[in-house]
Amino acid sequence: MPDLISGEAFSALFREFNSSAWRWEAQGTYNQPDEVEPWQRWRDGVPVLEDLDWLRPWLNDIRAATESGKVFQRVRMLTEPLTEYLRWQMEVTPANLAAGEEIWLLTQAAASRLGLPTHDFWIFDRVKVAVLHYGAQGLVGAEIVTEPATVARYEQWRKIACAEAVSYEDFVKT
């Protein structure tokens, strides 16, 4: 297994980038410990947007970054049909948008047709990639890639995904 960063070292990536943070999100379910309770409350009928205390630190970080001129973006791959987790995330998404994040959606079939990867990653400032590694209990850590040719491959995937994805707002209109 490659060297992975986690915890504070991973969190620091989101404070230290200069202009852009972009994510490819390709899993149908994430088993993040901090999401277990809010996801269960949603299952129990609690409206997502009334129950965001668990997400507030992330939203505050996005808001602070975007208000300072930085860009947070992601393309989320949607399984067909949507997993229960993705249905929940679709209801959480308006909070991310309100904080300043831009979110686009792409079907799993389109991602496969386009040759996009099945693993998640972040690209920071188009020069650093954090390849995310998951285990049974969620995120294990991130492999940091800065080698230019490899970063260029991830950048190409970013461009392909962005060219084909639709905005969350347009997706929910249909």
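Residues numbered from 1 in each chain as written. Predicted model: local features only at pLDDT ≥ 70, side-chain atom pairs only at ≥ 80, totals over all residues. Heavy atoms only, no water.

## Concerning the overall build of the chain
Step number 1: Secondary structure assignment for the chain yields seven helices and seven strands.
Step number 2: Secondary structure elements of the chain occur, N-terminal to C-terminal, as α-β-α-α-β-α-β-α-β-β-β-α-β-α.
Step number 3: In terms of C-alpha radius of gyration, the chain reaches 16 Å, essentially the compact-globule figure of 16 Å for 174 residues.
Step number 4: The principal-axis extent of the C-alpha atoms belonging to the chain is close to 45 × 35 × 35 Å.
Step number 5: In the chain, buried positions account for 46% of the 174 residues. (Helix = DSSP H or I, 4+ residues; strand = E, 2+ residues; numbered from the N terminus. Rg over C-alpha atoms; globule rule 2.2 N^0.38 Å. Buried < 20%, exposed > 50% of the residue type's maximum accessible area, 1.4 Å probe, protein only.)

## Structural notes on the pairing of strand E1 (residues 20-25)
Step number 1: Counting buried residues in E1 gives six out of six residues, a clear majority hidden from the surface.
Step number 2: Burial along E1 is two-sided: the residues Ser20, Trp22 and Trp24 and Ala21, Arg23 and Glu25 are all buried.
Step number 3: In this sheet, strand E2 (residues 71-78) lies alongside E1 in parallel orientation, the contact comprising six bridges. Opposite Trp22, over in E2, you have Gln73 as the bridge partner.
Step number 4: For E1 and strand E4 (residues 121-124), the ladder comprises four bridges, and the chain directions are antiparallel. Opposite Trp24, over in E4, you have Phe121 as the bridge partner. (Pairing = 2+ DSSP bridges.)

## Focus on the environment of Tyr85
Step number 1: As for its position among the elements, Tyr85 is in helix H4 (residues 84-99).
Step number 2: Non-local contacts of Tyr85, meaning those with residues more than four positions away in its chain, are made with Gly28, Thr29, Tyr30, Glu35 and Trp39.
Step number 3: Within the structure, the side chain of Tyr85 is placed 2.8 Å from the side chain of Glu35, a separation counted as a polar contact. (Contact = heavy atoms within 4.5 Å. Polar contact = N/O pair within 3.5 Å; in protein donor to acceptor, adjacent residues only side chain to side chain.)

## Points about the packing of aromatic side chains
Step number 1: Scanning the model with the defined rule gives 21 aromatic pairs in all.
Step number 2: With a centroid separation of 5.3 Å and 75° between ring planes, the pair formed by Phe14 and Phe124 is classed as edge-to-face. Of this pair, Phe14 sits in helix H1 (residues 7-16) while Phe124 sits in strand E4, and the two are 110 residues apart along the sequence.
Step number 3: Under the relative-accessibility criterion, Phe124 is labelled buried at 3%. (Phe/Tyr/Trp six-rings, centres within 6.5 Å; stacked < 30°, edge-to-face > 60°.)

## Quick notes on the side chain of Ser167
Step number 1: Counting through the fold element by element, Ser167 comes out in strand E7 (residues 166-167).
Step number 2: Aside from chain neighbours lying at most four places away, what touches Ser167 is Ile103 and Trp104.

## Topic: the packing of helix H3 (residues 56-67) against H4
Each pair of packed helices gets described by two things: the angle between the helix axes and the distance between those axes.
Step number 1: The geometry of H3 relative to H4 is characterised by a closest axis approach of 8 Å and an angle of 30° between their N-to-C directions. One way to sum up the angle between H3 and H4 is to call them roughly parallel. Contact with H3, carried on its side by Trp58, Leu59, Ile62, Arg63 and Thr66, involves Ala95, Asn96, Ala98 and Ala99 of H4 and no other residues of that element.
Step number 2: Here the contact of H3 with H4 is composed, by residue class, of six nonpolar, two polar and one charged. (Axes fitted to C-alpha atoms, helices over the stretch in contact; angles between N-to-C directions. Parallel < 35°, antiparallel > 145°, perpendicular 65-115°, else oblique. Nonpolar A, V, L, I, M, F, W, Y, C, P; charged D, E, K, R; others polar.)

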